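Structural characterization, general
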Amino acid sequence: QVQLVESGGGLVQAGGSLRLSCTASGGTFSSIFMGWFRQAPGKERTFVAGVTWSGGRTYYADAVKGRFTISRDNAKRMVFLEMNSLQPEDTAVYYCAAKRPLLFDTTARAYDYWGQGTQVTVSS
């Protein structure tokens, strides 16, 4: 059983930056795909970025390409989302998620494990 805990959310002005962290525990991680999703009020949960636990191949939603960077630290079992040039439309609850097998997928229902979420609010 994989457990995920996010941290690092907060309030930031437009144009600012935040770094989200996700700490993973339990289970084995060699065949895990990690993703970050976000959900704004009244909207569905959408894919933001993903990374393969082994190999570190990364994937991004078009809306965040060039602004967000996903990375992982295998030794610490952590995944990070560096968010730059934040805009009010980035405001959402951000979730860390994990799935097996090690295949890229943007659909939330494909993910088996979820963190509790962390709020990111960008003011204009």
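What comes next concerns the included structure.

Quick notes on the rules
Residues numbered from 1 in each chain as written. Predicted model: local features only at pLDDT ≥ 70, side-chain atom pairs only at ≥ 80, totals over all residues. Heavy atoms only, no water. Disulfide = S-S within 2.5 Å. Helix = DSSP H or I, 4+ residues; strand = E, 2+ residues; numbered from the N terminus. Buried < 20%, exposed > 50% of the residue type's maximum accessible area, 1.4 Å probe, protein only. Pairing = 2+ DSSP bridges.

Re the state of the cysteines
Counted by the stated rule, this structure contains 1 disulfide. There is a disulfide in this structure between C22 and C96, and the S-S distance comes to 2.1 Å. Its S-S torsion of about -75° marks the bond between C22 and C96 as left-handed, since a negative value means left-handed. Placement of C22 in strand 3 (residues 18-25) and of C96 in strand 9 (residues 92-99) is noted, with a sequence separation of 74 residues between them. Of the two residues, C22 and C96, neither departs from the other in class, the shared state being buried.

Quick notes on the pairing of strand 8 (residues 78-83)
Of all 6 residues in strand 8, 5 are buried; the element is thus mostly enclosed. Strand direction decides the pairing type here: strand 3 and strand 8, joined by 6 bridges, are antiparallel. Bridged to T23 within strand 8 is M78. Turn length for the strand 7 (residues 68-73)-strand 8 hairpin, with the two strands adjacent in sequence and antiparallel, is 4 residues, and the turn residue R77 shows positive phi of about 55°.

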